[in-house]
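These are the residues of each chain, in order.
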Amino acid sequence: MTLHRRLLIAVAATGAAIGLLLALASPALAASDAYVRLAHLSPDTPNVDVYVSSVANPASSFVVPGVGYGAVSPYRPLPAGTYVVSMRAAGAAPASPPVISATVDAKAGQAYTVAGTGLSASLGLTVLNDQLALPPAGKAAVRCINGAVSASSVDLGQAGKQPWATGVKFATTTPYTDVSLGTWTLHVTAADRAPVDLPVTIDANSTYSVVLLDKNGSFTAQLVRDSAGSPTVPVGGVETGFGGTAPDEPLVLLAFGAAAAALGGVFALTLVAGIRRARTR
């Protein structure tokens, strides 16, 4: 084999390998993380400071101050492991006893919503397993989280059709249900309350939570997207958030890796073409 031919093979292999490694790096990073978001869904509980403490690695711990009723945070990627989530009255000393706490066993590639639920006299922290698995083709998945005591039992579904959830009690969450795609009206009814209609746009390969909240003596509904188009990485942003934004590194790195793979291939082909031209001169 000539020196030129060996060089051609080495350049092509190196360019392809670099692009492939960069493309594969981001899914591996995403798969090693768990995803956690926080919600305050207790209507009569004042603002709280939320502490998320890693049992194994204090560097992964963080605090979200001044969280008010109705707030739902973006997802935050965290190393898989055990975390203690605690709520303290807003401004309370970090060493003071928490109002409530719960342990989350966060597994890699899974997503969780940790929500303060119920009334303050019986406040609890509920750990919800959020669905990342893609719904069937042509469908999306939706669940209801009832944080409205004024809607102590609700039915909800697409307007003009049979409800997909009935008798949803305050401080409870339904399983996910597959629903139709497109833009339609979500109809939510509760006894002795005016119904709530929420125009929604439901996209393919997505999962959502309908969050019910108290407002001015009645209740409202908001749609929060849980995941979109990926079985391993949550979408991150939500309709209502607090405490900053969730990092987008996994999605950015995935795009960067794909671009790097393409550039690596172009780089290799360009060098090969240049060497071939040099040989013909």
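Residues numbered from 1 in each chain as written. Predicted model: local features only at pLDDT ≥ 70, side-chain atom pairs only at ≥ 80, totals over all residues. Heavy atoms only, no water.

Digging into the overall build of the protein chain
Reasoning step 1: When its secondary structure is counted, the protein chain shows 2 helices and 16 strands.
Reasoning step 2: Within the protein chain, the fraction of its 281 residues that count as buried is 43%.
Reasoning step 3: For the protein chain, contacts bridging at least 24 residues in sequence account for 62% of all contacts bridging at least 6.
Reasoning step 4: Carbon and sulfur atoms make up 61% of the accessible area of the protein chain, which amounts to about 13,600 Å² in all. (Helix = DSSP H or I, 4+ residues; strand = E, 2+ residues; numbered from the N terminus. Buried < 20%, exposed > 50% of the residue type's maximum accessible area, 1.4 Å probe, protein only. Contact = heavy atoms within 4.5 Å. Areas by Shrake-Rupley, 256 points an atom, 1.4 Å probe, with all protein chains shown as cover.)

Structural notes on the sheet that holds strand 4 (residues 76–79)
Within a beta sheet, neighbouring strands are joined by backbone hydrogen bonds and run either parallel or antiparallel to one another.
Reasoning step 1: Ordered in space as 4-1-7-8, the 4 strands form an open sheet in which the pairing is mixed. Of all strands in the sheet, those with a lone pairing partner are strand 4 and strand 8 (124–130), marking the two edges. Between one strand axis and the next, the sheet turns through 30° on average, direction left out of account.
Reasoning step 2: Relative to strand 7 (residues 111–117), strand 1 (residues 33–40) is paired through 6 bridges, and the arrangement is parallel. Among the inter-strand pairings, Leu 38 is bridged to a residue of strand 7, identified as Val 114. (Pairing = 2+ DSSP bridges. Axes fitted to C-alpha atoms, helices over the stretch in contact; angles between N-to-C directions.)

A few points about empty space enclosed by the protein
Reasoning step 1: Under the counting rule described, the total for this entry stands at 3 cavities of 30 Å³ or more.
Reasoning step 2: What the second largest cavity holds in volume is close to 50 Å³.
Reasoning step 3: Contributing to the lining of the second largest cavity are Arg 37, Ala 39, Leu 41, Val 72, Thr 113, Ile 145, Ser 209, Val 211 and Val 224.
Reasoning step 4: Contributing elements (two or more residues each) for the lining of the second largest cavity: strand 1 and strand 15 (206–215). (1 Å grid on protein atoms, 1.4 Å probe; cavity = no way out; pocket = protein on both sides within 12 Å on 5 of 7 lines; lining within 4 Å. Points joined across faces, edges and corners; volume = space filled by probe spheres on them.)

Details of the pairing of strand 13 (residues 182–190)
Reasoning step 1: Across 5 bridges, the pairing between strand 10 (residues 153–158) and strand 13 is antiparallel. Across the sheet, residue Gly 157 finds its bridge partner in strand 13, namely His 187.
Reasoning step 2: Between strand 13 and the antiparallel strand that follows it, strand 14 (residues 196–202), lie 5 residues; Asp 192 among them carries a positive phi value of about 60°.

Details of the pattern of salt bridges
Reasoning step 1: Scanning the model with the defined rule gives 6 salt bridges in all.
Reasoning step 2: For Arg 37, the salt bridge identified is with Asp 130, shortest N-O distance 3.9 Å. Separated by 93 residues along the polypeptide, Arg 37 in strand 1 and Asp 130 in strand 8 bring together distant segments of the chain. Across the pair, Asp 130 and Arg 37 agree in class, each one buried.
Reasoning step 3: The shortest N-O distance in the salt bridge between Asp 105 and Lys 107 comes to 3.2 Å. (Salt bridge = Lys/Arg side-chain N within 4 Å of Asp/Glu carboxyl O.)

Quick notes on the pairing of strand 7
Reasoning step 1: Counting buried residues along strand 7, 7 of its 7 residues qualify, which places the element largely inside the surrounding structure.
Reasoning step 2: Residues Ala 111, Thr 113, Ala 115 and Thr 117 line one face of strand 7 and the alternating positions Tyr 112, Val 114 and Gly 116 line the opposite face, and both faces are buried.
Reasoning step 3: Bridge analysis of strand 7 against strand 8 gives 7 bridges, and the strand direction is antiparallel. Its bridge partner being in strand 8, Thr 117 is matched across the sheet by Gly 124.

Section: the nonpolar core
Reasoning step 1: Membership of the largest hydrophobic core comes to 25 residues, with the highest contact counts inside it found for Leu 156, Leu 186 and Val 188.
Reasoning step 2: Every element with two or more residues in this core is listed here: strand 9 (139–147), strand 10, strand 11 (165–169), strand 13, strand 14, strand 15 and strand 16 (218–228).
Reasoning step 3: Once residues lying within four places of it in the same chain are set aside, the contact partners of Leu 186 are Leu 156, Gly 157, Trp 164, Val 196, Asp 197, Leu 198, Val 200 and Val 210.
Reasoning step 4: Core analysis: the second largest hydrophobic core is formed by 20 residues, Ala 34, Tyr 83, Ala 102 and Val 114 among them. (Core = buried A, V, L, I, M, F, W, Y, C linked by side-chain atoms within 4.5 Å.)

A few points about the environment of Thr 174
Reasoning step 1: Within the fold, Thr 174 resides in the loop between strand 11 and strand 12 (177–180).
Reasoning step 2: Along the chain, Thr 174 and Asn 146 lie 28 residues apart, while their C-alpha atoms are 8.7 Å from each other.
Reasoning step 3: The residues contacting Thr 174, other than those within four sequence positions of it, are Arg 143, Cys 144, Trp 164, Ala 165 and Val 168.
Reasoning step 4: For Thr 174, the side chain forms a polar contact with the main-chain nitrogen of Cys 144, separated by 2.9 Å. (Polar contact = N/O pair within 3.5 Å; in protein donor to acceptor, adjacent residues only side chain to side chain.)

Describing the packing of aromatic side chains
Reasoning step 1: Scanning the model with the defined rule gives 0 aromatic pairs in all.
Reasoning step 2: Directly above the aromatic system of Tyr 51 lies the positively charged group of Arg 88, at a separation of 4.6 Å from the ring centroid. (Phe/Tyr/Trp six-rings, centres within 6.5 Å; stacked < 30°, edge-to-face > 60°. Lys NZ or Arg CZ within 6 Å of the ring centre and 35° of its normal.)

Some details on the environment of Gly 124
Reasoning step 1: Along the chain, the position of Gly 124 falls in strand 8.
Reasoning step 2: If we skip the residues at most four places from it in the chain, Gly 124 touches Ile 100, Ala 115, Gly 116 and Thr 117.

Examining the sheet that holds strand 2 (residues 48–54)
Reasoning step 1: Spatial ordering of the open sheet is given by 3-2-5-6, a layout of 4 strands whose pairing is antiparallel. Looking at the sheet topology across the chains shown, the edges are occupied by strand 3 (62–67) and strand 6 (100–106). For this sheet, the mean angle separating the axes of adjacent strands, direction not counted, is 20°.
Reasoning step 2: Bridging between strand 2 and strand 3 involves 4 bridges; their strand directions are antiparallel. Bridge assignment links Val 50 to a residue of strand 3, and that residue is Val 64.

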